[in-house]
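# Summary of structural features
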Amino acid sequence: MVRIMTIEDYQGVHDLWMTIKGFAIRSIDDSREGVERFLKRNPATSVVAEENGEIVGSILCGHDGRRGCLYHVCVREDCRMRGIGKSMVVRCMEELEKEKISKVSLIAFTENDIGNAFWKEIGWTKREDLNYYDFVLNRENIINYNK
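Residues numbered from 1 in each chain as written. Predicted model: local features only at pLDDT ≥ 70, side-chain atom pairs only at ≥ 80, totals over all residues. Heavy atoms only, no water.

### Section: the overall build of the protein chain
When helices and strands are counted, the protein chain shows four helices and seven strands. Overall, the protein chain shows an N-to-C arrangement of helices and strands of β-α-β-α-β-β-β-α-β-α-β. Taken over the C-alpha trace, the protein chain has a radius of gyration of 15 Å; the compact-globule value for 147 residues is 15 Å, and the two agree within 12%. With respect to the three principal axes, the spread of C-alpha positions in the protein chain is 40 × 35 × 30 Å. Classification of the 147 residues of the protein chain by burial places 35% in the buried group. Long-range pairs, those at least 24 residues apart, make up 66% of the contacts in the protein chain between residues at least 6 apart in sequence. For the protein chain, the accessible area works out to roughly 10,100 Å², and carbon and sulfur atoms hold 51% of it. Here the protein chain carries 22 positive and 24 negative side-chain charges, and the mean point of each set is 4 Å from the other. (Helix = DSSP H or I, 4+ residues; strand = E, 2+ residues; numbered from the N terminus. Rg over C-alpha atoms; globule rule 2.2 N^0.38 Å. Buried < 20%, exposed > 50% of the residue type's maximum accessible area, 1.4 Å probe, protein only. Contact = heavy atoms within 4.5 Å. Areas by Shrake-Rupley, 256 points an atom, 1.4 Å probe, with all protein chains shown as cover. Lys, Arg positive; Asp, Glu negative; His and termini not counted. Charge placed at Lys NZ, Arg CZ, Asp CG, Glu CD.)

### Structural notes on the pairing of strand β5 (residues 68-75)
Within β5, six of the eight residues are buried, which leaves the element mostly enclosed by the surrounding structure. As judged from the six bridges shared by strand β4 (residues 54-63) and β5, these two strands associate in the antiparallel manner. Residue pairing for β5: His63 is matched across the bridge by Gly68. Between β4 and the antiparallel strand that follows it, β5, lie four residues; Gly65 among them carries a positive phi value of about 95°. As defined by bridge partners, β5 adjoins strand β6 (residues 104-106) across three bridges and the pair is classed as parallel. Each bridged residue has a counterpart across the sheet, and for Leu70 the counterpart in β6 is Leu106. (Pairing = 2+ DSSP bridges.)

### Brief notes about the environment of Asn144
Here Asn144 lies in strand β7 (residues 143-145). For Asn144 and Gly22, which are 122 residues apart along the polypeptide, the C-alpha to C-alpha distance reads 9.3 Å. Setting aside residues no more than four positions away along its own chain, Asn144 makes contact with Phe23, Ala24 and Ile25.

### A few points about helix α3 (residues 84-98)
For α3, built from 15 residues, the straight-helix expectation of 21 Å at 1.5 Å per residue is met to within 8% by its first-to-last C-alpha distance of 21 Å. All of the buried residues in α3 are Ile84, Gly85, Met88, Val89, Cys92, Glu95 and Leu96. Projected down its long axis, α3 shows its buried positions confined to an angular sector of 135°, all on one face. Relative to its buried face, α3 has exposed residues pointing more than 90 degrees away, namely Glu97 and Lys98. Phi turns positive one or two residues past the end of α3, at Lys100, with a value near 65°. (Expected span 1.5 Å × (residues − 1). Arc of directions from axis to C-beta.)

### Quick notes on the environment of Val89
Looking at the element boundaries, Val89 is found in helix α3. For Val89, a relative accessible area of 4% corresponds to the buried category. Residues Val89 and Glu121, 32 residues apart in the sequence, show an inter-C-alpha distance of 13 Å.

### Some details on the pattern of salt bridges
For the structure shown, the criterion picks out nine salt bridges. For Arg91, the salt bridge identified is with Glu95, shortest N-O distance 3.3 Å. Of this pair, Arg91 and Glu95 both sit in helix α3, four residues apart, which is roughly one turn of that helix. According to the relative accessible area criterion, Glu95 is buried, its value standing at 8%. Here the residues in one salt-bridge network are Arg3, Asp9 and Glu50, joined through shared partners. (Salt bridge = Lys/Arg side-chain N within 4 Å of Asp/Glu carboxyl O.)

Function cannot be read off these values alone, since they describe shape.
Spelled out as structure tokens, the structure:
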């Protein structure tokens, strides 16, 4: 079952994130408070997938009024290849369309072979015509990668 994510799902989503090899967690943005702030700004666009009362997939999805963005797209390893990821992406796209968003982007690590194959398989286009830049406003927002 795919449904809208609420802050009450945070612990289950965080637990899932911690099982995903290569997953990057930011100390501030991905804290309960950071996710709660994100969900308040985007109350209907983030989703979770549940099986037997357990969260097995999640996407943080939001927009700035012009473009949507998917963050932290993941499905528990033993639940992959069953259409859960695609179902979650479709639900996010439906919610973004309701909010009149017509373009969606995401970032996938270049070494994430499984994720990059997934995006290609479901019809997303890899951009080759631009560079992606970051500027860190808060150096306390430390990134940790799951091993």
